[in-house]
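Chain by chain, the residues run as shown.
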Amino acid sequence: MQGPTRRDSLILGAGLMLAGAAPARVPGAQDSLDALARTRGMRFGSAVAWGPPRSDTGSFANPNYAALIARDCGVIVAENEMKWQALRPSPTTFDFARFDAIVAYAAAARLAVRGHNLIWHQPKWMPHWAESHDYGATPKREAARLLGDHIRTVVRRYGTRIADYDVVNEAVNPADGTLYETTLSRALGGAEPTLDLAFRTARAEAPHARLVYNDYMSWEPGNERHRAGVLRLLHGFRARGVPVDALGVQSHLITIGADARASVSRMQGDWRRFLDEVVAMGFGLVVTELDVRDNALPADPVARDRIVADYTRGYLDVTLGYQQVSDILVWGMSDRYSWIEGFEPRADGARRRPTLYDTAFAPKPMRAAVADAIRAAPARTPQRSERREI
Ligand code: G3I
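In what follows, the accompanying structure is described. (Residues numbered from 1 in each chain as written. Predicted model: local features only at pLDDT ≥ 70, side-chain atom pairs only at ≥ 80, totals over all residues. Heavy atoms only, no water.)

## Quick look at the pairing of strand 3 (residues 112-120)
So, step 1. Of all 9 residues in strand 3, 8 are buried, a share of seventy percent or more.
So, step 2. Here strand 2 (residues 75-78) runs beside strand 3; their pairing, made up of 3 bridges, is parallel. Across the sheet, the residue bridging to Val-77 is Arg-114, located in strand 3.
So, step 3. Inspection of the sheet shows strand 3 paired to strand 4 (residues 162-169) by 5 bridges, in the parallel sense. For Trp-120, the partnering residue across the bridge sits in strand 4 and is Asn-169. (Buried < 20%, exposed > 50% of the residue type's maximum accessible area, 1.4 Å probe, protein only. Helix = DSSP H or I, 4+ residues; strand = E, 2+ residues; numbered from the N terminus. Pairing = 2+ DSSP bridges.)

## Re the layout of surface pockets
So, step 1. By volume, the largest pocket amounts to about 740 Å³.
So, step 2. Elements with a contribution of two residues or more to the lining of the largest pocket: helix 4 (84-87), strand 3, strand 7 (252-254), strand 8 (284-293) and helix 13 (339-343).
So, step 3. Its residues assigned to classes, the lining of the largest pocket comprises 11 nonpolar, 9 polar and 7 charged. (1 Å grid on protein atoms, 1.4 Å probe; cavity = no way out; pocket = protein on both sides within 12 Å on 5 of 7 lines; lining within 4 Å. Points joined across faces, edges and corners; volume = space filled by probe spheres on them. Nonpolar A, V, L, I, M, F, W, Y, C, P; charged D, E, K, R; others polar.)

## Side note on the site of the ligand
So, step 1. The environment of the ligand is formed by 13 residues, the closest being Glu-79, Lys-83, His-116, Glu-170 and Glu-289.
So, step 2. With respect to the ligand, the side chain of Trp-331 contributes an N or O atom lying 3.0 Å from an oxygen atom.
So, step 3. In isolation the ligand has 800 Å² of accessible area, and contact with the protein removes 49% of it.
So, step 4. Residues that form the shell around the ligand fall into these classes: 4 nonpolar, 5 polar and 4 charged. (Near = heavy atom within 4 Å. Polar contact = N/O pair within 3.5 Å; in protein donor to acceptor, adjacent residues only side chain to side chain. Areas by Shrake-Rupley, 256 points an atom, 1.4 Å probe, with all protein chains shown as cover.)

Limitation: the analysis is restricted to geometry and does not speak to function.
Listed below in structure tokens is the structure:
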């Protein structure tokens, strides 16, 4: 496998230079969401991207965005830069330059880093070459080598700088609750042994790290099969003694009408039953990717922001009531860079408003709702939110 190239060094150097310029996090700044979260035994953070210096992106290299991270975050996660599609240009090479720059920035800014992800087990999110890879005469051995080498290489490179991995991301098909298959899993003998090997390899290489299964099953109507499939997968992990410590609850909320109170009241029962079953199996919980897709809401920003904030508060009041929740991360700090705008634009053409800060980096009611929900949450007792020994 190829080591760092000159390009790597240039990008890493830029990252380190920028990291040096990163506004130092002000631990305990009075209005910091992370400082507030730590009073309840949790951490607050956000996804960040790699970007060219001073670019208009959701990157740490954008001073406006870096200021939001410095104000509110104690932990970050790379939006894309640690994924196979970013790290693996070919079956025999890695390109760590951009993720290295994010990790360097985090170190300079004294931020923890979540690793997302060691495999996103769906054909569309594997590198193009993976689906046509030749697994040779002993496909099971080659598939195990390919997966194991990837995880070992990534985890060894960062060591204890990363203490929290989304080992597997979104392996359950929400349509029917079954597990996705890929050419890798078909070569390795099926999805279950593939996911199990990912977790066992991560545990062996990173005994210090909390290992997370991350998925977007949610509380809205229509998520029933997805939640059931995730529960089946988690029960299976426990039955096979697979080292999984926590469930990553992505929390990509979708509003289903202007009456937040009525919607929250309708959805919370199923959500509590789901979380009850997860924690009864001994799993921790991590809110990993919170944002709010403002569907079926008026275009008016003031009215829409208020309703988005009310959904956020209602969801977090239920979810943070579980002391197993250790971290709350949002999937981006500003509407300016949210993935949702490109993924599902509003039918009325009004710009999406899914995050804590607007496109001009001004705080929105959703940020106050997160702060209020954290204040109202019970303080964690340490053993509840720590990694569980298997
Ligand atoms: O970097 C390339 C660029 O070189 C190229 O010119 C451009 C056009 O093809 O694509 C760029 O890569 C894009 C990447 O985002 C970086 O912008 C990919 O096409 C695009 O698919 C990718 O989308 C990301 C998506 O995951 C798929 O990886 C989103 O930004 C990201 O927000 C989203 O995040 C996911 C979590 O990882 C898992 N949970 C759901 C969440 C939202 O979908």
